[in-house]
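Reading the structure
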Amino acid sequence: MIKLYTDAATRGNPGPSAAGILIVTPERQYQLQAPLPEQSNHDAEFAAVILGLEQLANRGLTTKILQINVDSKLVFESLEKRYAKHYQAAVDRILALEAPYSMVIHQWIPERQNQGAHHLAQQGLPHLTDC
């Protein structure tokens, strides 16, 4: 089983954002961070999942069972329902990226259990500099 942990950090709402992605396979672990466009925290949470799934595809990790772990209840509930009133385009993109897997499990976890992805997202935020 492949485990994907994602989180987003946003400075302001909306504001500069970043994604933290932790991929755990039986063979190895990948820790990734990526800047995101200025957006709301909810948009950034969906974007983090999309980026994580794209990273799995780029590494050819798409033929096994996948567990997606998020600390965003909105993202979790939207994926479980396959519907989100204001985020349907993101839900549809995620569902399309999940298609190659034999099984996908969506898992909500408390923030304290998602510290790896959380710290990566925080590190990915642009640093403010004094003018």
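Heads up: the structure comes first, above all this text.
In short, a report on the structure. Position labels on residues start from 1 in each chain and follow its written sequence. Owing to the predicted nature of the model, reporting of local features is limited to residues with pLDDT of at least 70; listing and counting of side-chain atom pairs is limited to 80 or more, with chain, interface and lining totals taken over all residues. Computation of side-chain values: all heavy atoms of the structure, hydrogens and water removed.

1. Notes on the packing of aromatic side chains
Worth spelling out the cut-off: Working definition: a ring pair exists when centres of Phe, Tyr or Trp rings (six-membered ring for Trp) sit within 6.5 Å. Plane angles under 30 degrees give stacked, over 60 give edge-to-face, the rest tilted. Put simply, DSSP marks the helices as runs of H or I at least four residues long and the strands as runs of E at least two long, and each gets a number from the N terminus on. Only protein chains enter the accessibility calculation, which uses a 1.4 Å probe; a residue whose area is less than 20% of its type maximum is buried, one above 50% is exposed, and one in between is partly exposed. Should the NZ of a Lys or the CZ of an Arg lie within 6 Å of a ring centre and within 35 degrees of the ring normal, that charge is described as sitting over the ring.
Inspection of the entire model under this criterion finds 1 aromatic pair. Judged by centre distance (5.1 Å) and plane angle (20 degrees), the ring pair of F46 and Y87 falls under stacked. Of this pair, F46 sits in helix α1 (residues 41-58) while Y87 sits in the loop between α2 (73-81) and α3 (88-98); the two residues are 41 residues apart in sequence, bridging distant segments of the chain. Under the relative-accessibility criterion, F46 is labelled buried at 1%. Judged by relative accessible area, which is 17%, Y87 ranks as buried. It is K73 that lies over the ring of W108; its NZ or CZ is 4.7 Å from the centre.

2. Things to note about unusual backbone geometry
Cis peptide bonds are those with omega within 30 degrees of zero, and the linkage from N13 to P14 qualifies with 10 degrees. On the secondary structure map, P14 appears in the loop between β1 (2-10) and β2 (15-24). One non-glycine residue, R82, lies in the positive phi region at around 65 degrees. Its relative accessible area of 53% is what places R82 among the exposed residues.

3. Quick look at the pattern of salt bridges
When the charged atoms of two side chains lie near each other, side chains of opposite charge can form a pair. Rules: Here, a salt bridge means any side-chain nitrogen of Lys or Arg that lies within 4 Å of a carboxyl oxygen of Asp or Glu.
Using the criterion set out here, one finds 1 salt bridge in the structure. One salt bridge in this structure joins E54 and R93, with 3.0 Å as the shortest N-O distance. Separated by 39 residues along the polypeptide, E54 in helix α1 and R93 in helix α3 bring together distant segments of the chain. Classification of R93 as partly exposed rests on a relative accessible area of 38%.

4. What to know about α1
Worth spelling out the cut-off: In this scheme, a helix's expected span is set at 1.5 Å multiplied by one less than its residue total. Here, residues are in contact when the closest pair of their heavy atoms is within 4.5 Å.
The first and last C-alpha atoms of α1 sit 25 Å apart over 18 residues, in line with the 26 Å expected at 1.5 Å per residue. Among the residues of α1, A44, E45, F46, A47, A48, V49, I50, G52, L53 and L56 are the ones counted as buried. Buried positions along α1 lie against β1, β2, β3 (29-39), β4 (65-70), α2 and α3. G60 sits one or two positions beyond α1 and adopts a positive phi of about 70 degrees.

Note that all results are geometric; they support no functional claim without further evidence.
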